[in-house]
Amino acid sequence: MTKTINGYVLSLALLVPPAFAQSVDQTAQPADGVPATVVIEGRRPGPGVWKVSKGTHVMWVFGTYSPLPRKMEWDASRVERLVAKSQEVLMPPVAKAHIGFFSGLTALPSLIGIKRNPDDAVLHDVVPADVYAHWTVLKAKYVGEDDGIEHYRPVFAGEELLLAGLKKSGLSYGSEVLGKIEDVAKKNKVKMTDSGYDVMVDDPRKLVRDFKNSQVDDLVCFTKTLDTLDTDLETMRVRANAWANGDIGEIRGLNFAERRDACLDAVMNSSIAKDAAALRQVRQRLRTSWLKAAENALASNAITFAVLEIQDILGPTSYLAGLQARGYVVESPR
């Protein structure tokens, strides 16, 4: 949960993991020594683009995925051409809060310790004994010695464990793909549009303070993270390879309903989130905001380029399904 000052982004749930500094091995080896799926490196084609159209107006939609191998390079030539001849680039939807410079400064002290359990409790005190025993095994495997993490709320401890697992698997939550698209748009002076919405937080300092003092029902999130960690890491490697190779058939066959949903729900269904009107129905509001921005862009431009996370492109409740239901023609990459 982060807050921003003068244009920084307020994330309404879990922190977006930073990129790791460790390099990637061609064959990832888990700590238990069992050979893992080879994580593709080198120059790869990357995914194709979806075409959305109505009449002569077209929007090309590019799907991003993370984590990806840190050393992987993707062939951006087609994306570069499409961005260069577009009138507008629609950026991925993000919920943001602009709370002002001075109010942001006064709230900063209250952010300290936001990941920690109330009353300085440790994990051993807040999760069942069998769950904690499982935690200690996985912590030793992926994290190692770190007493500080024992004071984290389960939802944040689980996230740190997952990040450590990704690092050992040669994967990174870097933003190189989106950064490349932004660079091309700037070079060609193509307008970039925010497709998200602003969150109005009346008293961010109180919101943070109340969150720190409140209990969060995150045991389901924590337990699911522990129970599915090794499987999730393997699934992420498979998805990274499918994305890198542009294998749409395999991408379509992957289940994107990850453990992250349970963890996001833990925070968004907490009492503090329910009491803050600005935090309600974030996912639905992001979808609505993007659909509105997409329709405006399609009406205004001959060619638009849009960026979405791949899980927001696929499936019956996807963003593109929403456009299709409104009469737009949606064509998948071949």
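Up top is the structure.
Residues numbered from 1 in each chain as written. Predicted model: local features only at pLDDT ≥ 70, side-chain atom pairs only at ≥ 80, totals over all residues. Heavy atoms only, no water.

Next up on the list: the pairing of strand S2 (residues 49-54). Here 6 bridges tie S2 to strand S3 (residues 57-64), and the two strands are oriented antiparallel to one another. Note on S3: the bridge partner recorded for Val-52 is Met-59. Linking two consecutive strands that pair antiparallel, namely S2 and S3, is a turn of 2 residues; a positive phi of about 65 degrees is found at Gly-55 within it. Sheet topology places S2 next to strand S12 (residues 329-331); 3 bridges connect them, and they run antiparallel. Residue pairing across strands places Ser-53 opposite Val-329, the latter belonging to S12. (Pairing = 2+ DSSP bridges. Helix = DSSP H or I, 4+ residues; strand = E, 2+ residues; numbered from the N terminus.)

With that out of the way, let us pick up the packing of aromatic side chains. By the definition in use, this model includes 4 aromatic pairs. Ring geometry for Phe-62 and Phe-305: centres 6.4 Å apart, planes at 25 degrees, overall stacked. Of this pair, Phe-62 sits in strand S3 while Phe-305 sits in strand S11 (residues 303-309), and the two are 243 residues apart along the sequence. Taken together, the ring pairs in this structure connect Phe-62, Trp-243 and Phe-305 into an aromatic cluster. Across the ring face of Tyr-328, the terminal group of Lys-54 is positioned such that the distance to the ring centre comes to 4.2 Å. Cation over ring: Arg-78 sits above Trp-60, and NZ or CZ is 5.5 Å from the ring centre. (Phe/Tyr/Trp six-rings, centres within 6.5 Å; stacked < 30°, edge-to-face > 60°. Lys NZ or Arg CZ within 6 Å of the ring centre and 35° of its normal.)

Let us look at the sheet that holds strand S9 (residues 191-193). Strand order in the open sheet formed by 6 strands is S9-S6-S11-S3-S2-S12, with mixed pairing between adjacent strands. Two strands in the sheet have a free side with no partner beyond their single neighbour: S9 and S12. Between one strand axis and the next, the sheet turns by 20 degrees as a mean value, whatever way the strands run. In this structure, strand S6 (residues 88-90) lies alongside S9, joined through 3 bridges in parallel fashion. Across the sheet, Leu-90 pairs through a bridge with Thr-193, a residue of S9. (Axes fitted to C-alpha atoms, helices over the stretch in contact; angles between N-to-C directions.)

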